[in-house]
Amino acid sequence: MDAGVAGVVGAAVGVLGGFGTAVVSSLSQNAQQRQQQTVEREARLEQGRRDAYLACIETSKGITADWWKLVNCLLSSDRTPELCRQYAETAQHGWVVFTKSADAVCIAGPNAMAAAVQALRESMWTMDRAGTEWYECVRSGGVDRLAACEAAFREAERTRTDQGFVFLAAARRALAAE
């Protein structure tokens, strides 16, 4: 083999080696990029879930606090109809924000969280209805039903508290924070 052929063969081997190295490097780089994108997507999903869960917790606690303001007003001997009405409206307006945050939890998932937030929503709704009935009983002067309305509200609030803890436990599991 003369030097010219050897040079051509050597150059060809070099080109093929360089090409092979470039292909392997490119494939490896693409795999790393896909893996990085997957990691970043999972991090965004987890943060979105965390934000949705926290917003739902915050709004449910806000509605509960508003209802307890009304309860304290209803139990007060020096309550005014205007103040009770104001507290009742505030408690009921919190539903718009809470339902949005509960819907965000359903969207963020996973399915176990959608079930947990639905149970929380139902218990909050029951508490809201019992509180509204109690408020209407006080407002209309239905003295004979006051004790039953108060008891129904307190039972509904206990159930809501229990469902709040169930929601928190589900959120910890969904975020792998156990």
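About the cut-offs
Residues numbered from 1 in each chain as written. Predicted model: local features only at pLDDT ≥ 70, side-chain atom pairs only at ≥ 80, totals over all residues. Heavy atoms only, no water. Axes fitted to C-alpha atoms, helices over the stretch in contact; angles between N-to-C directions. Helix = DSSP H or I, 4+ residues; strand = E, 2+ residues; numbered from the N terminus. Parallel < 35°, antiparallel > 145°, perpendicular 65-115°, else oblique. Left-handed = near helix turned anticlockwise from the far one by under 90°. pLDDT = per-residue confidence, 0-100. Expected span 1.5 Å × (residues − 1). Bend = angle between axes of the 7 residues up to and from the residue. Buried < 20%, exposed > 50% of the residue type's maximum accessible area, 1.4 Å probe, protein only. Salt bridge = Lys/Arg side-chain N within 4 Å of Asp/Glu carboxyl O. Contact = heavy atoms within 4.5 Å. Nonpolar A, V, L, I, M, F, W, Y, C, P; charged D, E, K, R; others polar.

Q: Looking at this structure, I do not really get the packing of helix H3 (residues 111-140) against helix H4 (residues 146-174). What am I missing?
A: Relative placement of two packed helices is described by the angle separating their axes and the distance separating the axes. The interhelical angle for the contact between H3 and H4, taken along N-to-C directions, is 160 degrees, at an axis separation of 8 Å. When the axes of H3 and H4 are compared, the pair comes out roughly antiparallel. The crossing of H3 and H4 is left-handed.

Q: Explain the confidence of the model for the protein to me, please; I cannot follow it from the model alone.
A: Interpreting fine coordinate detail is not advised for predicted regions of low pLDDT. Looking at the protein as a whole, the pLDDT averages 87, with 85% of positions reaching at least 70. Here helix H1 (residues 3-75) stands out as the element of the protein with the lowest mean pLDDT, 79, in contrast to H4, whose mean of 96 is the highest.

Q: What should I look at first to understand helix H2 (residues 81-108) in this one?
A: Since the α-helix advances by 3.6 residues per turn, residues separated by three or four positions end up pointing in the same direction. Taking 1.5 Å per residue, 28 residues should reach 40 Å; H2 reaches 41 Å between its end C-alpha atoms and fits that length. The largest bend in H2 is about 30 degrees, located at Val 96. Restricting attention to buried positions, one finds in H2 the residues Cys 84, Ala 88, Ala 91, Gly 94, Trp 95, Phe 98, Ser 101, Ala 102, Val 105 and Ala 108. Looking one or two residues beyond H2, the residue adopting positive phi is Gly 109, at roughly 75 degrees.

Q: Would you take a moment to explain the pattern of salt bridges for this structure?
A: Once the charged atoms of two side chains with opposite charge are near each other, the side chains can pair. All chains considered together, the criterion is met by 11 salt bridges. Between Lys 69 and Asp 66 there is a salt bridge, with the nearest N and O atoms lying 3.9 Å from each other. Note that Lys 69 and Asp 66 are positioned in helix H1 at a spacing of 3 residues, about one turn of the helix. A salt bridge links Arg 85 to Glu 89; the shortest N-O distance between them is 2.4 Å.

Q: Even after reading the chapter, I still don't get the packing of H2 against H3, so can you show me in this structure?
A: Interhelical geometry of H2 versus H3 gives an angle of 170 degrees and a closest axis separation of 11 Å. Classed by the angle they form, the pair H2 and H3 counts as roughly antiparallel. Seen from H2, the contacting residues are Cys 84, Arg 85, Ala 88, Gln 92, Trp 95, Phe 98, Thr 99, Ala 102, Asp 103, Val 105 and Cys 106; seen from H3, they are Met 113, Ala 114, Val 117, Leu 120, Arg 121, Met 124, Trp 125, Asp 128, Thr 132 and Tyr 135. Looking at side-chain class alone, the contact of H2 with H3 contains 14 nonpolar, 3 polar and 4 charged residues.

Q: How should I be thinking about H4 in this particular structure?
A: Across its 29 residues, H4 extends 41 Å between first and last C-alpha, which sits within 8% of the 42 Å expected from 1.5 Å per residue. Burial in H4 covers these residues: Cys 149, Phe 153, Ala 156, Glu 157, Arg 160, Gly 164, Phe 167, Ala 169, Ala 170 and Ala 171. Ala 176 occupies a position one or two residues after H4 and carries a positive phi of about 55 degrees.

Q: Quick question: what am I supposed to make of the environment of Phe 98 here?
A: For Phe 98, the position within the fold is in helix H2. In the structure, Phe 98 is positioned 38 residues away from Ser 60 in sequence and 6.2 Å away in space, judged by C-alpha atoms. If we skip the residues at most four places from it in the chain, Phe 98 touches Cys 56, Thr 59, Ser 60, Ile 63, Leu 120, Arg 121 and Met 124.

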